Every structure is written in structure tokens, then in C-alpha cells.
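# Geometric and topological summary
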Amino acid sequence: MSASTNFQQLTYQLEALEAHAVSQITDASDAATLDHLRVILLGKKGELPAILSQMSKLSETERPLIGQRANLLKEEINSLLKKRLLLMKTAVMNERITREKLDVTAPSIGILSGHRHPLIKTTEDIVDIFCGLGYSVEEGPEIETDYYNFTALNIPQHHPARDMQDTFYLSESSLLRTHTSPVQIRHLEKNPPPTRIIAPGRVYRRDGVDATHSPVFHQVEVLAIDEGLDFSHLRGTVMAFLKQFFGDLPVRFRASYFPFTEPSAEVDVQWRDRWLEVMGCGMVDPAVLEGLGLDPERWSGFAAGLGVERFCMVRHGIDDIRRLYTSDLRFLQQF
Ligand code: DAH
């Protein structure tokens, strides 16, 4: 039996629908168009159901043939829509990847290459060396109490040593710290020994300004408390540190006095053909340990406080401390 005209017509309509679906899907440029196409082609009132609604005109043998053909076409259209959508998403993603690409190795544009201020760099180098020796870094407040800045460091109310560090008082009992040594007390109050810390920071004194003095300057405090520490550990640590920081530079240990250390010493290095004091140090006075409730028969330790500006000046041959604060680019750009 030859195919009926109706059968041929429907076959032709399906072929036409296929051709035009393929070209429209291929041409679609966004997801909304694809959605729209799905409705027009396959939706309830779409083109494919419109063709299928004419199936009643077919004979019983023709109907399944057209039905099968229509099902295949439906699958084909669905899969084309899916592929096209995936392609669009990939294209959008690729475009975004290209647009948002960040080349971290590219040279910066419009940002001048800067560098550390010599004082910051000096502090960082000092901290690095002590960290290498097993010390950790602590901080303390710049506004201190009389107790931490003086009393707990064995400098009672009317002790003459207070005159060596006359300072700026904010009230009867609060002041700008004259040194970083109060961090020793604050640390030991909270951390039982053994301990090894350094504490970098800014300090304040009512000093006259000259080539080696400034009323605001920087120190790094060093503290090690353990069982069996003696002066040879102090000297060994200080010498190892100085050697790493300065290389081979003449160093002098000089007996000195600090109320919170016994014995005490000052360390001088050569600067512009003379000795320059760069740090104070000593064995922590048993009275300080006792004040913290630590048994001086068991615990001993050493401490040091060094002047960052002076370390910087000696290392770079800087003639005047004031150059470090004037922000003169002709000076700063040399580092
Ligand atoms: N705090 C002292 C000062 O600023 C320096 C100093 C001396 C610190 C001896 C210490 C030390 O830790 O043991 O003059």
C-alpha cells in the first residue's frame, strides 16, 4: 500500500520543522531566545504538537511511523537546545576568564616603587635575628602606669634613677613610657618562665635634642628567664646578635647601673671614630623576680634594651638622629 497524501504532508512538515529548528537554535545568541524557541517548537501550542494534532487523518499503520519520527525530532530539538546552552555558558565563562585575568607577575602601573623607612627596616632586622634565636615578639602600651614603668622595675617613688628618665606625665600615675622595660613585667605577670621575648616599640623622654638624642625614639627590649642563666649567656647572646647585625665591628662592654639588673652593663660600638652607647643590659635583679612572685633561687635571666635609631645610625653611618624624622626624600631615597 502506498503512503497517503496526508502521510507525505506530515512527513514533509516534520522535515521542514527540523530544518528550521536547527537553524534557529544555531543562530540563537542568548539563553532567553533558547527558552522562547523551546516554547514555540515543543510547547503545548507549539509547532510540533500542531503537526501531531493532524495524526487522526492517518491510517493505523501510518500513525506509529509519524509518532516515532516526531519523538525522534523532539529528542533532537531538546538535545540541540541543551548543547547550544552549554556552548553559550562556556563562551561567557571563557570571556570572563580572559577579561578578569590577573597577572601577578606584571609590572605595576603608576605605583612608584617604595621602600621601608630605615628605622622600620632596622627594627625588622633586629626582630628577625632574635626570632632566629628562638625569641617571640611582645607588645606593650605606650601610655604606661607609674607601677610598670618604674616601681615594678625596682625604681621606687623617690629613687634617684627616676631622674635619669624624666618623662611626660599624663596624670599622677600615668605617663608616656620612658623605655620598653615595662613589657618585661607585663609579660612575666601573664607568662610563667621559662620565656624568651623581645618587645619593639616607641618610647618618650624629656631629653634635649642633639645629634644622638630625641625625645621620641625606638627601643627593642630583650628578656630571657630560665633556670641556670648567667652573665655568659647574656654576653653570648648580645655578641651573637651584634655580629649578625653589624658584622665585625669593635664592641665594648662597660659596667653600668640599672635598678632592675645586677650586674648591669652598657654596650658601646664604634661610630664616627668614637664609642656610641647602643644598649643597656644585665642580669635581672632578684628583687624584680621576687616582686613577680618568682623564686630567684630557681629562676634567673638577663635583659637588654637597645636603641633602634642608634643601631640604624651606626649601620648606615648616619651623622645625626634628626635626619631619621624629617622625611626628607633626598635622605630617605638612599636606603
Ligand atoms: N631600659 C633601659 C633604658 O632605657 C635600658 C635597659 C637596660 C634595658 C638594662 C634592659 C636592661 O632590659 O636590662 O635606659
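Residues numbered from 1 in each chain as written. Predicted model: local features only at pLDDT ≥ 70, side-chain atom pairs only at ≥ 80, totals over all residues. Heavy atoms only, no water.

To continue, consider the domain arrangement of the protein. Frequently, the measure chosen for interface size is the accessible area that the parts lose on association. Structurally, the protein comprises domain 1 (2–100) and domain 2 (118–333). For domain 1 versus domain 2, the separation of C-alpha centres amounts to 84 Å. (Domains from an automatic or database assignment.)

Before going further, it helps to spend a moment on the pairing of strand β6 (residues 251–258). In this structure, β6 lies alongside strand β7 (residues 261–271), joined through 7 bridges in antiparallel fashion. Looking at the pairing, Phe-253 lines up with Val-267 of β7. Hairpin connection, β6 to β7: the antiparallel pair is bridged by 2 residues. (Pairing = 2+ DSSP bridges. Helix = DSSP H or I, 4+ residues; strand = E, 2+ residues; numbered from the N terminus.)

Turning our eyes to something else, we now look at the sheet that holds strand β8 (residues 274–284). Spatial ordering of the open sheet is given by β1-β4-β5-β9-β8-β7-β6, a layout of 7 strands whose pairing is mixed. At either margin of the open sheet sits one strand with a lone partner, and together these are β1 (136–137) and β6. Sheet contacts for helix α9 (residues 231–246): β6, β7, β8 and β9 (299–307); angle to β8, the most-contacted strand, approximately 145°. Together, β5 (216–227), β7, β8 and β9 form the strand contacts of helix α11 (residues 308–316), whose direction differs from that of β8 by roughly 140°. (Contact = heavy atoms within 4.5 Å. Axes fitted to C-alpha atoms, helices over the stretch in contact; angles between N-to-C directions.)

Once that is clear, we can look at the site of the ligand. In the neighbourhood of the ligand, 16 residues make up the surrounding shell, with His-179, Ser-181, Arg-205, Gln-219 and Glu-221 lying closest. A distance of 2.9 Å separates an oxygen atom of the ligand from a polar atom in the side chain of Gln-219. For the ligand, an oxygen atom lies 3.2 Å from a polar atom in the backbone of Ala-304. Computed on the free molecule, the ligand has an accessible area of 350 Å², of which 94% lies beneath the protein chains in the complex. Here the ligand occupies the largest pocket. For the shell around the ligand, the secondary-structure elements that each account for two or more residues are β5, β8 and β9. Its residues placed into classes, the shell around the ligand shows 5 nonpolar, 9 polar and 2 charged. (Near = heavy atom within 4 Å. Polar contact = N/O pair within 3.5 Å; in protein donor to acceptor, adjacent residues only side chain to side chain. Areas by Shrake-Rupley, 256 points an atom, 1.4 Å probe, with all protein chains shown as cover. 1 Å grid on protein atoms, 1.4 Å probe; cavity = no way out; pocket = protein on both sides within 12 Å on 5 of 7 lines; lining within 4 Å. Sits in = over half its atoms within 2 Å of the grid points. Nonpolar A, V, L, I, M, F, W, Y, C, P; charged D, E, K, R; others polar.)

Further remarks concern the packing of aromatic side chains. Within the structure shown, the criterion is met by 11 aromatic pairs. A centroid spacing of 4.8 Å and a plane angle of 85° characterise the contact between Phe-245 and Phe-246, whose relative ring orientation is edge-to-face. Each member of the pair Phe-245 and Phe-246 is classed as buried. Ring centres of Phe-245 and Phe-311 lie 5.3 Å apart, and the angle between their planes is 80°; on these two criteria the pair is classed as edge-to-face. (Phe/Tyr/Trp six-rings, centres within 6.5 Å; stacked < 30°, edge-to-face > 60°. Buried < 20%, exposed > 50% of the residue type's maximum accessible area, 1.4 Å probe, protein only.)

Throughout the structure, instances matching the rule amount to 19 salt bridges. One salt bridge in this structure joins Asp-125 and Arg-315, with 2.7 Å as the shortest N-O distance. Placement of the pair is Asp-125 in helix α5 (residues 118–132) and Arg-315 in helix α11, with a sequence separation of 190 residues. Residue classification places Arg-315 among the partly exposed positions, given a relative accessible area of 32%. (Salt bridge = Lys/Arg side-chain N within 4 Å of Asp/Glu carboxyl O.)

Counting buried residues along α11, 7 of its 9 residues qualify, which places the element largely inside the surrounding structure. Of the residues making up α11, those classed as buried are Val-308, Glu-309, Arg-310, Phe-311, Cys-312, Met-313 and Val-314. On the buried face of α11, the contacting elements are α5, β5, α9, β7, β8 and β9. Residue Gly-317 follows α11 closely and has a positive phi angle near 65°.

Turning next to the side chain of Glu-309. Among the structural elements, Glu-309 can be located in helix α11. In this structure the side chain of Glu-309 is engaged in a polar contact, spanning 2.7 Å, whose partner is the side chain of His-218. When neighbours within four sequence positions are excluded, Glu-309 is seen to be in contact with Leu-119, Val-216, Phe-217, His-218, Ile-321, Leu-324 and Tyr-325.

Below, the discussion takes up empty space enclosed by the protein. Over the atoms, a rolling probe the size of a water molecule traces out where space has been left empty. Overall, the coordinates contain 2 cavities of 30 Å³ or more when judged by the stated rule. In this structure, the largest cavity encloses a volume near 60 Å³. Ile-155, Ala-161, Met-164, Gln-165, His-179, Phe-258, Pro-259 and Phe-260 together form the lining of the largest cavity. The space that makes up the second largest cavity amounts to roughly 40 Å³. Considering the residues around the second largest cavity, the lining is formed by Phe-130, Val-222, Thr-237, Val-238, Met-279, Phe-302, Ala-304 and Leu-306. Of all the secondary-structure elements, those providing two or more residues to the lining of the second largest cavity are α9 and β9. For the lining of the second largest cavity, the per-class residue count stands at 7 nonpolar, 1 polar and no charged. (Points joined across faces, edges and corners; volume = space filled by probe spheres on them.)

With that settled, consider the UniProt feature "domain: Aminoacyl-transfer RNA synthetases class-II family profile" (unreviewed entry) in the protein. Taken from the UniProt record, the annotation "domain: Aminoacyl-transfer RNA synthetases class-II family profile" (unreviewed entry) applies to residues 134–314. Secondary structure over residues 134–314 splits into 25% helix and 38% strand, and the C-alpha atoms at its two ends are 25 Å apart. (UniProt positions renumbered as here; feature names shortened; annotations may be inferred.)

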